[in-house]
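Understanding the architecture of this molecule
Below, each chain spelled out in residue letters.
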Amino acid sequence: MSVNLYLVRHALKKKEIGDVPITPEGRKQAQDTAQYFSTIPVTAIVSSPLRRAQETAAAIAERTNATVNIDARLRERANWGDVPDQTFQEFVELWDRCTRDPDFVPPVGDSAKVACDRMSSLLADLVQEYPAGSHIVIVTHGGLITDYLANTYAEETLNRFHPQFKIEQSQIVSECSITKLSYENENYTIEYFASVEHLKSGR
C-alpha cells in the first residue's frame, strides 16, 4: 500500500503584484476541487504560505475536515513583487531564464533546482510522518510542481504525460489541476499529471 500525494496548483489568482488573493472564478475552481477531495479520506493538507494557496487549501479543508499546515518549502520559486519596482515583463523574463537554466539564482528567490530540493525535502518528511494508505493534499504553485518534476524525473518519463514537457513546463499546469504521486518501496510514481477533470467548468 502506498502513500498518496496530490500536488494541487492554487486556484486562479488576481493578476496583480504581490501576495494576491484568488478571483471569484478561482473560488469556484477551489470549490470544485474541494468537492473532488470530499470523496477521498484526506489525511492532511499542506499549503504554501502565499495567500492564493492558503485560500485554495481552506476550501478543501472545509469539505474534508482535514487540518491545513503551512510550510514555507511550498512557496513559489519567485513571486512577482519580490524584486522592488519589477515590472511584470521583467518578472516573466527572469522566470523564463530560471526555467531554461535550473542552476540560475535570481536576485530574490531560488533557482529551479533549489526549489526542487525544497519540494523533495517536504515529500520525504511527509512519507516518513504518515503511514501507507494516507492521502495528503499539497497545495502549491505550478512552477514548483514542474520544478520538482523536471529536476527529478527523466525527460522520457515526463514526455509520456506531456510532449516536450521541459520546453513547455511553464504553461502546462492549470489552476487547481491535480498531479498525483504514489510513494511505495522508496519510489515516487507519477499516477497522473495536471488533471482538470474534476473542474466542472472544464467538462
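Everything discussed here concerns the structure shown above.
Being a predicted model, the structure only gives us computed values, none of them experimental.

It is worth spelling out the overall build of the protein at this point. The number of helices and strands found in the protein is 7 helices and 6 strands. Listing each helix as α and each strand as β along the protein from the N terminus yields β-α-β-α-β-α-α-β-α-α-α-β-β. Over its C-alpha atoms the protein spans a radius of gyration of 16 Å, differing by no more than 12% from the 17 Å that the globule rule assigns to 203 residues. Considered along the principal axes of its C-alpha atoms, the protein spans approximately 45 × 40 × 30 Å. By residue count, 50% of the 203 residues in the protein fall in the buried class. In the form shown here, the protein has an accessible surface area of approximately 9800 Å², with 47% of it arising from carbon and sulfur atoms. Side chains of the protein give 21 positive and 28 negative charges; the mean places of these two sets differ by 5 Å.

On to the packing of helix 4 (residues 112-129) against helix 5 (residues 142-150), then. The contact between helix 4 and helix 5 brings their axes to 8 Å, and the two run at 90°. Relative to helix 5, the element helix 4 is oriented roughly perpendicular. Here Ala112, Ala115, Cys116, Arg118, Met119, Ser120 and Leu123 of helix 4 lie close against helix 5, whose contacting residues are Leu144, Asp147 and Tyr148. Its residues assigned to classes, the contact of helix 4 with helix 5 comprises 7 nonpolar, 1 polar and 2 charged.

This part takes up the pairing of strand 6 (residues 187-195). Bridge count for strand 5 (residues 178-184) against strand 6 is 6 bridges, and the pairing is antiparallel. In the sheet register, Glu184 faces strand 6, and the bridge partner there is Asn187. In sequence, strand 5 turns back onto strand 6 through a hairpin of 2 residues, with Asn185 there showing a positive phi of about 55°.

Turning to the side chain of His10, a few remarks are in order. Inspection of the secondary structure puts His10 in the loop between strand 1 (3-9) and helix 1 (24-37). Other than its neighbours up to four places away in sequence, His10 contacts Arg52, Ala53, Thr56, Val139, Thr140, His141, Glu175 and Cys176.

With the rule as written, the count across this model stands at 8 aromatic pairs. Ring geometry for Tyr36 versus Phe37: centroids 5.2 Å apart, planes at 75°, classification edge-to-face. By relative accessible area, which is 28% here, Tyr36 ends up partly exposed. For Phe37, a relative accessible area of 0% corresponds to the buried category. Their ring planes at 65° and their centres at 5.0 Å tell us that Trp80 and Phe88 sit as a pair that is edge-to-face. Of the residues examined, Phe88 reaches a relative accessible area of 33% and is grouped as partly exposed. An aromatic cluster is defined as three or more aromatic residues linked by ring pairs; in this entry it consists of Trp80, Phe88, Phe91 and Trp95.

Here we come to helix 1. Between the first and last C-alpha of helix 1 there are 20 Å, a value that for 14 residues agrees with the 20 Å anticipated at 1.5 Å per step. Of all the positions in helix 1, only Gly26, Gln29, Ala30, Asp32, Thr33, Ala34 and Phe37 are classed as buried.

This part covers the nonpolar core. When a protein is soluble and globular, its nonpolar side chains tend to lie buried together. Core analysis: the biggest nonpolar cluster contains 31 residues, and Leu5, Leu126, Ile136, Ile138, Tyr148, Leu149 and Leu181 have the highest contact counts within it. With 7 residues, helix 4 is the largest single contributor of residues to this core. Those residues in contact with Leu126 that sit more than four places away from it in its chain are Leu5, Val46, Ile136 and Ile138. Counting 15 residues, the second largest nonpolar core, distinct from the first, contains Ala34, Ile60, Ala61 and Ile178.

Here we come to the environment of Val173. Within the secondary structure, Val173 is located in the loop between helix 7 (165-168) and strand 5. Measuring from C-alpha to C-alpha, the distance between Val173 and Gln128 comes to 27 Å, with 45 residues separating the pair along the chain. When sequence neighbours within four positions are dropped, the list of residues in contact with Val173 reads Arg9, Gly142, Ile145, Thr146, Phe193 and Ala194.

Rules and cut-offs
- Residues numbered from 1 in each chain as written.
- Predicted model: local features only at pLDDT ≥ 70, side-chain atom pairs only at ≥ 80, totals over all residues.
- Heavy atoms only, no water.
- Helix = DSSP H or I, 4+ residues; strand = E, 2+ residues; numbered from the N terminus.
- Rg over C-alpha atoms; globule rule 2.2 N^0.38 Å.
- Buried < 20%, exposed > 50% of the residue type's maximum accessible area, 1.4 Å probe, protein only.
- Areas by Shrake-Rupley, 256 points an atom, 1.4 Å probe, with all protein chains shown as cover.
- Lys, Arg positive; Asp, Glu negative; His and termini not counted.
- Charge placed at Lys NZ, Arg CZ, Asp CG, Glu CD.
- Axes fitted to C-alpha atoms, helices over the stretch in contact; angles between N-to-C directions.
- Parallel < 35°, antiparallel > 145°, perpendicular 65-115°, else oblique.
- Contact = heavy atoms within 4.5 Å.
- Nonpolar A, V, L, I, M, F, W, Y, C, P; charged D, E, K, R; others polar.
- Pairing = 2+ DSSP bridges.
- Phe/Tyr/Trp six-rings, centres within 6.5 Å; stacked < 30°, edge-to-face > 60°.
- Expected span 1.5 Å × (residues − 1).
- Core = buried A, V, L, I, M, F, W, Y, C linked by side-chain atoms within 4.5 Å.

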